Amino acid sequence: MANFGNFCLLLALCLSLYALIASLTGISQRHSRMNKSAENAAYAATGCITLAFVTLVYVLVTDNFAISHVASTSNRDLPVFYKIAAVWGAHDGSMLLWVFITAIFCGIAIFQNRNRYRGMMPYVLAILMTDLSLFLFLNIFFSNPFNRLVEVFPDGTIQQFLPADGQGLNPILHHWAMVIHPPVQYLGLIGFVVPFAFAMAALLSRQLGDTWIRTIRRWTILTWIFLGAGLLLGGKWAYVVLGWGGYWGWDPVENSSLMPWLVSTAFLHSIIVQERKGMLKVWNIILVVLSYLLSIFSTFLTRSGIISSVHAFADSNLGKFFLIYMIGALFASLYLVIDRRTYLKSERRLDSILSRESAFMFNNLVLVVACFAIFWGTMFPVLSEWVRGTKITVGPPFFNNINIPIGLLLLVLTGVGPLFAWRKTSVKSLRRSIFWPVLISCITCIGLLAGGMRHFYAVACLTLCCFVLVTIIEEFLKGSLIRVRNKGENFLAAVVNLTRKNKRRYGGYIVHFSIVLMFIGFAGNAFNRETTRQLETGQEFGIGDYSLKMTGYQEGQTPNYEYGKVVLDVFKNGREVRTLMPETRIFKTGSRQTTTTVALYSTPKEDLYVIFAGMSNDGSTFEIKAYVNPLVYWVWVGAAMMVLGTAITLLPNKQSAVGRT
Amino acid sequence: MVARMKFIFGGVVIIAALTWLGFVGFEESKAYYITVDEYSSMQDSLQGKTVKVAGDVVSGSIDRSKPQMEFIISSGNSSVKVRYIGNDIIPDTFTEGSKALVEGSIAPDGVFQARHIEAKCASKYEAEYSDRTSQ
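For clarity, every value in this text was computed on a predicted model and none was experimentally measured.

This paragraph deals with the overall build of chain B. When its secondary structure is counted, chain B shows 3 helices and 7 strands. Reading the helices (α) and strands (β) of chain B from amino to carboxyl end gives α-β-α-β-β-β-β-β-α-β. Scored against the burial criterion, the 135 residues of chain B give a buried share of 44%. Within chain B, counting contacts between residues at least 6 apart in sequence, those at least 24 apart form 49% of the total. Per element, the accessible surface of chain B, about 7100 Å² overall, is 55% carbon and sulfur.

The next thing to look at is the pattern of salt bridges. Residues and elements named next belong to chain B. Applying the stated criterion across every chain yields a total of 18 salt bridges over all chains. The partner of K81 in a salt bridge is E70, and the shortest N-O contact between them spans 3.5 Å. Of this pair, K81 sits in strand β4 (residues 78-84) while E70 is found in strand β3 (residues 70-75), placing the two residues 11 residues apart along the sequence. The exposure class assigned to E70 is buried, which follows from its relative accessible area of 7%. Within the structure, one salt-bridge network assembled from shared partners comprises E70, K81, R83 and D109.

Okay, the interface of chain B and chain A next. Reports often express the size of an interface as the amount of accessible area lost when the parts come together. Counting from both sides, the interface comprises 42 residues of chain B and, opposite them, 64 residues of chain A. The interface formed by chain B and chain A includes 0 salt bridges. Summed over the shared surface of chain B and chain A, the number is 5 residue pairs in polar contact (both at pLDDT 80 or more). Of the residues forming the side of chain B that touches chain A, the biggest block, 16 residues, is contributed by helix α1 (residues 2-29) of chain B. Among the residues making up the side of chain B that touches chain A, the classes are represented as 18 nonpolar, 11 polar and 13 charged. Bridge count for strand β3 (residues 391-393) of chain A against strand β1 (residues 31-35) of chain B is 3 bridges, and the pairing is antiparallel. By the bridge assignment for β1 of chain B, K391 of chain A is matched with Y33 of chain B.

This part is about empty space enclosed by the protein. All names here are of chain A. Counting across every chain of the model gives 3 cavities of 30 Å³ or more. Here the largest cavity is characterised by a volume of approximately 60 Å³. Broken down by secondary-structure element, the contributors of at least two residues to the lining of the largest cavity are α9 (211-242), α10 (252-277) and α11 (281-304). Ranked by the residues each element gives to the lining of the largest cavity, the list is headed by α11, at 4 residues. Each residue belonging to the lining of the largest cavity can be placed in one class, and the counts come to 9 nonpolar, 2 polar and 1 charged.

Thresholds applied
- Residue numbers restart at each chain and count upward from 1, following the sequence in its written direction.
- For this description, chains carry letters from A and ligands carry numbers from 1, given in the order in which they are written.
- Local features in this predicted model are restricted to residues whose pLDDT is 70 or higher, and side-chain atom pairs enter the listing and the counts only when it is 80 or higher, whereas totals over whole chains, interfaces and linings include all residues.
- Heavy atoms from the whole structure form the basis of all side-chain values; hydrogens and water molecules are not counted.
- Counting from the N terminus, the helices are DSSP H or I runs at least four residues long and the strands are E runs at least two residues long.
- Partly exposed describes any residue whose relative accessible area lies between the buried limit of under 20% and the exposed limit of over 50%, with all areas from a 1.4 Å probe on protein chains only and scaled to the type maximum.
- The criterion used for residue contact is that any of the two residues' heavy atoms lie within 4.5 Å.
- Throughout, the Shrake-Rupley method with a 1.4 Å probe supplies accessible areas, and for residues the shown protein chains are the sole cover considered.
- Any carboxyl oxygen of Asp or Glu that lies within 4 Å of a side-chain nitrogen of Lys or Arg is treated as forming a salt bridge with it.
- Contacts described as polar in this section are N or O atom pairs within 3.5 Å, which, within protein, must combine one atom able to donate a hydrogen with one able to accept it, while residues neighboring in sequence count only if both atoms come from side chains.
- Gly is put with the polar residues, along with every residue not named as nonpolar or charged; the nonpolar set is Ala, Val, Leu, Ile, Met, Phe, Trp, Tyr, Cys and Pro, and the charged set is Asp, Glu, Lys and Arg.
- At least two bridges found by DSSP between two strands is the condition for calling them paired.
- Computed over the protein atoms alone on a 1 Å grid, cavities are sets of points where a 1.4 Å probe fits but cannot get out and pockets are open sets with protein on both sides within 12 Å along at least five of seven lines; a residue lines them when it has an atom within 4 Å of a point.
- Grid points are joined across faces, edges and corners, and a volume is the space filled by probe spheres set on the points.

Structure (structure tokens):
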């Protein structure tokens, strides 16, 4: 089976290299049959990689421990669900997942556009195949998941080695969010290759009209939502598995995926300015290039061992290839932008600072500054070592100091942006549209202060959330009421039809609404409380409105791990609400690693988050750590809402489909 | 043109303010990243500074009997005694033989007081078999 997997990968590499050369030949000789052949080779490569991926899943499910990847990430008693997830349980398998998703994306992008942009497609194909070949090459020769275990005897003979059982999946990956987080995250990172390929192809073929922009806008939205969902799933996993009470820690690997998300968020806004006003053309191409390079940078950071991180894979020697590729791609694209700059002239100037364009530009500015600051903070240990020879790391205060004000600024822009008109907004109309949002958010602010809230950022954040919320409601009301008046629809139908008629705009508002919900959740961070107690059975302690009484301790085992659970009855204001059982597990495979499992009582107002941190040697007292984290619930609700809103913007518009045929 | 100047001016103000905030945060949270060897040889110059030291947790050195856990990390010939004074729970991956990254400063009694511990056994997890691997 391992041979078959390797064969598929090698064949795919040959095919993708052939597709690359064929499309280049097709371009230089203007040979359309060559282009067709390149296209077919690309589909065949996608097919081979799919087979290789299925093979890896198969050897994992059938416990083929002769293969190193299987032996080190799986074991016989592992549930099938986790055996499949073991594909991305270690570096080499996750690399195959990366290659697989790249191949699928390339296949779809090529198939979808094969007849649409004839002149551009050979270039697109060449760039996609360059990317695919690079990752395939690294996958086959530097991180091959089909490598077999062998034993070297003292006399120099080498023999195959078949262990009786595998080492098991890393226990901290035993969680539903960890099963889906890596694939979703990869979908989000890898997708940027398609917009990049189109942008470069447009530059190379000098076809810089606005039609191709539409294709990459949809791709970017799709990629953007996958990456956003991936980030939030990772946060969810960290929250319920790592047990430190939070969901975001400014860890280098987290940062590295946030950066392309920020830049693509900027792009999704500034592309509207290009569509409507023909401005920011160079800037948009730069954002597309940056999103792509940052997504490669993200995998570089995780796989090169250059930055130590809890998430990073073991050091591997892939780093230099990624580095060379990134630098090459950066200079090639910069050269192209400069060389083709006459095609990228702005059609208009900024007319007024109080305009929709200007709001979008400020939004772009702060998003890119946030990305830059995060890059700086993440890479500072490396940079300071180069410059001064000492490695200096920076912590969360640096990231928070910069990003909290940026977050608030973005909230302001989210609120006022839609109120501004294109070109120029008269102060009079602005005053009219801003009246209710300002009034209601001022009342909220006074209410919060009167209620005893004194944390500056939290008050500011909640006030601004309220401001944005009112502007969004106002937008929906305005549109719906016109429909009610003109078409006689009932109000609810009017809201639905309004959204259906302009999915981009109103779907976008729903995404804005989801961001507001998340910011409400972030503001809750200011009021987190925690306590650690040593308890004996029968004792109780209080935190916030809760009191927790320990009623017992249970031990037991499953095929994979032994567990110990502390049973705690939770009372809220004297009334019993829940029994929580925080747990520690000792896994039987590998190095008998211990993991803690968080017990959570989540309500819209706050989360009660309890961990069983250890037991005294004589087994009489139990260390319990409890957190009360207000409003975290809304981060996850916001996440779901964000996916929904984005899905609405991506739904095909009936009219435009008719218009196209 | 006036609008463009206003935009540039606004941008400069925002960036300047953020740079200042970033600088404050940087000073507050910077930590020198050093090896166990460097730590042993330059103890005096590290007084009062926040440092991060990485090393392997020495087998048998984890002492949980005291109110604050103590352990020893080493690399090569040098070792550092560490006392954990932080609030967060000790990461699951922290075990004897794992790689640990501790952040903190030197206490008056010469013991390293760690406020944060990061531990990584993932590399060990993969390394165990890799010695035997080949194509």
